[in-house]
Amino acid sequence: MRVWKRATGALKDKNSIWVAKFSRKGPWRNPDLETVIIKATSHDEHRIDCKNMQRVFKWLRTSPLYLKPLVWALSIRMQKTRCWVVALKGLMLIHGVFCIDHPVVHRIGRLPFDFSDFSDSHLTPSKAWGFNAFVRAYFAYLDQRSAFVSSEVKKQNNNNKKEVEETLMEELDKLQKLQAMIDMLIQIKPKSMNMNVGLILEAMDCVIVEVFDVYSKFCNRIARVLLRIYDVGGKVEAGLALKVLQKASFQGDELSLYFEFCRDIGVLNASQCPKIEKFSEEDIQDLERIINGASAKKSLLEGSGIVVENEEEKAIVLRDCSATATNSQSENGLMTVITHQWEVFDDEIMVGVKGNNCVSNCGRVISTTTNNPFEESYSLVPYYLPVHNQVLPDLISL
């Protein structure tokens, strides 16, 4: 039965190659490229034709004009197939195309074929359900990934034209999308005992690399977003970031279990997986402090007079912008506040929170510090006080 199946698959591939060779060349068709794609997505489940896959990638790197015939030939082959081997090889091929860093590839958008309801017609339902689920999950992720990258490229181009910086809410929304993509990635795994075959393990190697790529992007972005929230974020942004961090903590445990499962079934790249570092509780507590302290800080700003934040930090005070001038205030409205650590000059207000001050200038919040700003940089860049030894001229005798 297996010999007959392999012979039938090889015969189908040869017929497809003959049809491709005698097809007419045009802007959407390239017979040589179609032949290479058919060989790269053959019915042979025991081997992957890496040579022809690399030829496809090399073709695309040579010129972006080959993208249209590539996508056309691959989509036609994927729409016709009812074999999980051809479908999985096609998904691995388009995954490799996505990894090519070229602007044309980033604008592909949704995949031109649909495997959301894929079903293998060459296996019995009891044997095919695991392969069907694997192909559907892999397709769902690649389709979502391509759509996400395409939309981000369009937004970036529009922002570059308008010279507009990405807002904090937009960055938080992007973090949630990256988390959704990680959830889709960890669903790509063999779910039946008969799936421990070489082709599945090769696909899992590609998935493991993708998991690390997406998760590293998420970690880099969440670090940048948290810094912005601590600087200028409000209650709404802090609340959304708190949900992202809580989900990230749970997601880290799921990723650890996923990597352990991949190592057990023999995925090579999973054996090189580093330990997933969890997000610290301090970050979560800081966000909760921002959410809980937003209303209290607002009421203090609306009041008047001096409020001492902490008995141990009496040098840090809170003053209202509308307070009347006192003896320590100059005629031009400038106010000087002297602490035991550093001198801070401000024209509006100073709010002290545990050594870090938030200077508010008509609603605009700027983060400062009460420590010596040069103290931590002595080992890197030495700081010298300016000394002027210039001799003053004798202006009287002139």
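Since the model is a prediction, treat every value here as computed from it, not as a measurement.

## Side note on the packing of helix α8 (residues 168–185) against helix α10 (residues 235–265)
Then comes step 1: Between α8 and α10, the least distance of the axes is 10 Å, while the angle of their chain directions is 20°. As judged from the angle between their axes, α8 and α10 are roughly parallel. α10 is crossed by α8, and the crossing has left-handed handedness. Contact residues: L168, M169, L172, L175, Q176, Q179, I182, D183 and L185 in α8; E237, L240, A241, V244, K247, A248, Q251, E254, L255 and Y258 in α10.
Then comes step 2: When the residues that make up the contact of α8 with α10 are grouped by side-chain class, the tally is 12 nonpolar, three polar and four charged.

## Here's the deal with empty space enclosed by the protein
Then comes step 1: Tallied over the full model, the rule gives one cavity of 30 Å³ or more.
Then comes step 2: Approximately 40 Å³ is the volume attributed to the largest cavity.
Then comes step 3: If you trace the largest cavity, you find it lined by F98, V105, H106, R145, S146 and V149.
Then comes step 4: When contributions to the lining of the largest cavity are tallied by element, the ones reaching two or more residues are α6 (103–106) and α7 (125–162).
Then comes step 5: Sorting elements by how many residues they give to the lining of the largest cavity places α7 first, with three residues.
Then comes step 6: Split into classes, the residues belonging to the lining of the largest cavity amount to three nonpolar, two polar and one charged.

## So, the packing of helix α9 (residues 198–232) against α10
Then comes step 1: The contact between α9 and α10 brings their axes to 11 Å, and the two run at 155°. The orientation of α9 with respect to α10, classified from their angle, is roughly antiparallel. The way α9 lies across α10 gives a crossing that is left-handed. Only E237, A238, A241, V244, L245, A248, L255, Y258, F259, C262 and I265 of α10 make contact with α9, whose side of the interface consists of L201, M204, V207, I208, V211, F212, Y215, F218, I222, L226 and I229.
Then comes step 2: Classifying every residue of the contact of α9 with α10 gives 21 nonpolar, no polar and one charged.

## Observations regarding the pattern of salt bridges
Then comes step 1: A complete count under the given rule lists 11 salt bridges for this structure.
Then comes step 2: Salt-bridge contacts for K247 lead to D183; the nearest nitrogen and oxygen are separated by 2.9 Å. In this pair, K247 sits in helix α10 while D183 sits in helix α8, placing the two residues 64 residues apart along the sequence.

## With respect to the nonpolar core
Then comes step 1: Formed by 86 residues in total, the largest nonpolar core has its most connected members in W84, L88, F115, F134, Y138 and Y258.
Then comes step 2: At 14 residues, the largest contribution of residues to this core is made by α9.
Then comes step 3: Those residues in contact with L88 that lie beyond four places of it in its chain are F134, Y138, L199, I200 and A203.

## Thoughts on a positive patch on the surface
Then comes step 1: Positive charge collects at one region of the surface, where K21, K39, K51 and R55 lie side by side.
Then comes step 2: As for its position among the elements, K21 is in helix α1 (residues 2–21).
Then comes step 3: Residue classification places K21 among the exposed residues on the basis of a relative accessible area of 52%.

## Examining the packing of aromatic side chains
Two aromatic rings are characterised by how far apart their centres lie and by the angle between their planes.
Then comes step 1: Counted under the stated rule, the structure contains 11 aromatic pairs.
Then comes step 2: With centroids separated by 5.9 Å and ring planes inclined at 65°, the aromatic side chains of W59 and Y66 adopt a geometry described as edge-to-face.
Then comes step 3: Judged by relative accessible area, Y66 falls into the partly exposed class, the value being 26%.
Then comes step 4: An aromatic cluster is defined as three or more aromatic residues linked by ring pairs; in this entry it consists of F113, F115, F118 and F139.
Then comes step 5: For K189, the ring lying beneath its charged end belongs to F261, and the centroid distance is 5.7 Å.

Each value, and the rule that gives it
Residues numbered from 1 in each chain as written. Predicted model: local features only at pLDDT ≥ 70, side-chain atom pairs only at ≥ 80, totals over all residues. Heavy atoms only, no water. Axes fitted to C-alpha atoms, helices over the stretch in contact; angles between N-to-C directions. Helix = DSSP H or I, 4+ residues; strand = E, 2+ residues; numbered from the N terminus. Parallel < 35°, antiparallel > 145°, perpendicular 65-115°, else oblique. Left-handed = near helix turned anticlockwise from the far one by under 90°. Contact = heavy atoms within 4.5 Å. Nonpolar A, V, L, I, M, F, W, Y, C, P; charged D, E, K, R; others polar. 1 Å grid on protein atoms, 1.4 Å probe; cavity = no way out; pocket = protein on both sides within 12 Å on 5 of 7 lines; lining within 4 Å. Points joined across faces, edges and corners; volume = space filled by probe spheres on them. Salt bridge = Lys/Arg side-chain N within 4 Å of Asp/Glu carboxyl O. Core = buried A, V, L, I, M, F, W, Y, C linked by side-chain atoms within 4.5 Å. Buried < 20%, exposed > 50% of the residue type's maximum accessible area, 1.4 Å probe, protein only. Patch = residues over 30% accessible without salt bridge, like charges linked within 9 Å, V, L, I, M, F, W, Y side chains within 5 Å. Areas by Shrake-Rupley, 256 points an atom, 1.4 Å probe, with all protein chains shown as cover. Lys, Arg positive; Asp, Glu negative; His and termini not counted. Charge placed at Lys NZ, Arg CZ, Asp CG, Glu CD. Phe/Tyr/Trp six-rings, centres within 6.5 Å; stacked < 30°, edge-to-face > 60°. Lys NZ or Arg CZ within 6 Å of the ring centre and 35° of its normal.

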